[in-house]
Amino acid sequence: MTKIHRMFELIEVIGTVTFSEVPTEAFLAVGMRNYWDGYFAGRAAPLGLAPAEVVHAVFYNFADGEVARHIPWVWGKVTPQEAIAIRERGSADAIRQKIGDVAGLARIADLATRAAVSAPTEGRPLYAGLRTIDIPADPVARVWHAATLLREHRGDGHNALLVAHGIGGTEAHVLLALTLGMRAEEFGRVHHLPPSQLAAVVDGLRARGLVNADGGFTDAGRELRERIEARTDELAAPAYDVLSADELDELIAGLSPIVERLS
C-alpha cells in the first residue's frame, strides 16, 4: 500500500465523522427534517447558494432528483455560513467524544493543514469551495477540517476520472458495492432506487463487460475499478508534496491512533 492510499484510509474515517449522529443531531436542532437535509446543508454549504443542479453536478453520485429534495429547501432554515459552523462544531464534538486527549495533536493538525491547503484547486470545485473557509483554531476541529479538505480534493479528482471512463454516479455506487462484497440492491446509497432503475444500471455495466451474469465483477470490471483507484491516488498526491518524507510518516503515525479510536 502506498503512503498516499494510507492517507486516504485515514482521512476518510476522520472526514466522514461529519455524517455521524452528533453533527446530524445538531442539524436537526435547527430545523432539518432528517439526516439528508443535514448532509446536503453541511456538505454543499461551501458552494454557497448554488442551485440543486450545480450541487448535483459537483457531488456527482446521487440519482436524479435526490439533491432537489433538499436544496434549496435547507436554505430556508439555515444560511450556508451557519451550516458551515454547525457542521464544524458538530464534527469536532463527535471526534472529541471518542478520542479524548491525544498527545501532540496540535502538531498533527498543523501537518495535516499544511497538506490540506497546498493542493491545486483547478478542476476541483468542492475542494476550492472548502478552501475559502477559515481554518479552525481548535486542534480537533483543525484535524477534521484538514481531513475534509483532503477528502474532497481526492473526491473531486476521483469524479473527474469516473467521467473520463464513462462511469456515471449510480454506476460508481454499484461498482463500490461489488468491491465491498455486496450486491447493488443491498448497498445503502442505491438500494432505495426503484428496482427497475437499478436493474437498468447493472444491465448497462453488464453490457460493457464490467459485471457478470451473477451480478458480480468480471475481471475487466475489477481491473477498471483498481485502475481508477490507483489513478485517483496519483491525482491526490500533490497535496502531500509540501511535506517531507519524514513529515508524511509523522502525519500518518499521528493520525493512526485517532482513527483507531474513531473506528
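Quick caveat, the model's predicted, so the values are computed rather than measured.

The rules behind these values
- Residues numbered from 1 in each chain as written.
- Predicted model: local features only at pLDDT ≥ 70, side-chain atom pairs only at ≥ 80, totals over all residues.
- Heavy atoms only, no water.
- Core = buried A, V, L, I, M, F, W, Y, C linked by side-chain atoms within 4.5 Å.
- Buried < 20%, exposed > 50% of the residue type's maximum accessible area, 1.4 Å probe, protein only.
- Helix = DSSP H or I, 4+ residues; strand = E, 2+ residues; numbered from the N terminus.
- Contact = heavy atoms within 4.5 Å.
- Axes fitted to C-alpha atoms, helices over the stretch in contact; angles between N-to-C directions.
- Left-handed = near helix turned anticlockwise from the far one by under 90°.
- Nonpolar A, V, L, I, M, F, W, Y, C, P; charged D, E, K, R; others polar.

Next up on the list: the nonpolar core. Formed by 41 residues in total, the largest nonpolar core has its most connected members in M7, I14, Y240 and L255. Elements with a minimum of two residues in this core: α1 (3-15), α5 (80-99), α6 (105-116), α7 (125-131), α8 (139-164) and α12 (245-262). Not counting the four nearest positions on each side in its chain, Y240 is found in contact with I4, M7, I11, A115, L150 and L248. Core analysis: the next-biggest nonpolar cluster, separate from the first, contains 23 residues, Y60, L162, F217 and L224 among them.

Right, let's get into the environment of L210. Relative to the assigned elements, L210 resides in the loop between α10 (195-207) and α11 (219-236). A C-alpha to C-alpha distance of 5.7 Å links L210 and A220, two positions 10 residues apart in sequence. Other than its neighbours up to four places away in sequence, L210 contacts I167, L205, G216, F217, T218, A220, G221 and L224.

Quick look at the packing of α1 against α12 now. Interaxial distance between α1 and α12 falls to 9 Å at its minimum, and their mutual angle equals 35 degrees. Crossing angle aside, the handedness with which α1 passes α12 is left-handed. For the pair formed by α1 and α12, the contact residues are K3, R6, M7, L10, V13 and I14 on the first element and A245, L248, D249, L251, I252, L255, S256, I258, V259 and L262 on the second. When the residues that make up the contact of α1 with α12 are grouped by side-chain class, the tally is 12 nonpolar, one polar and three charged.

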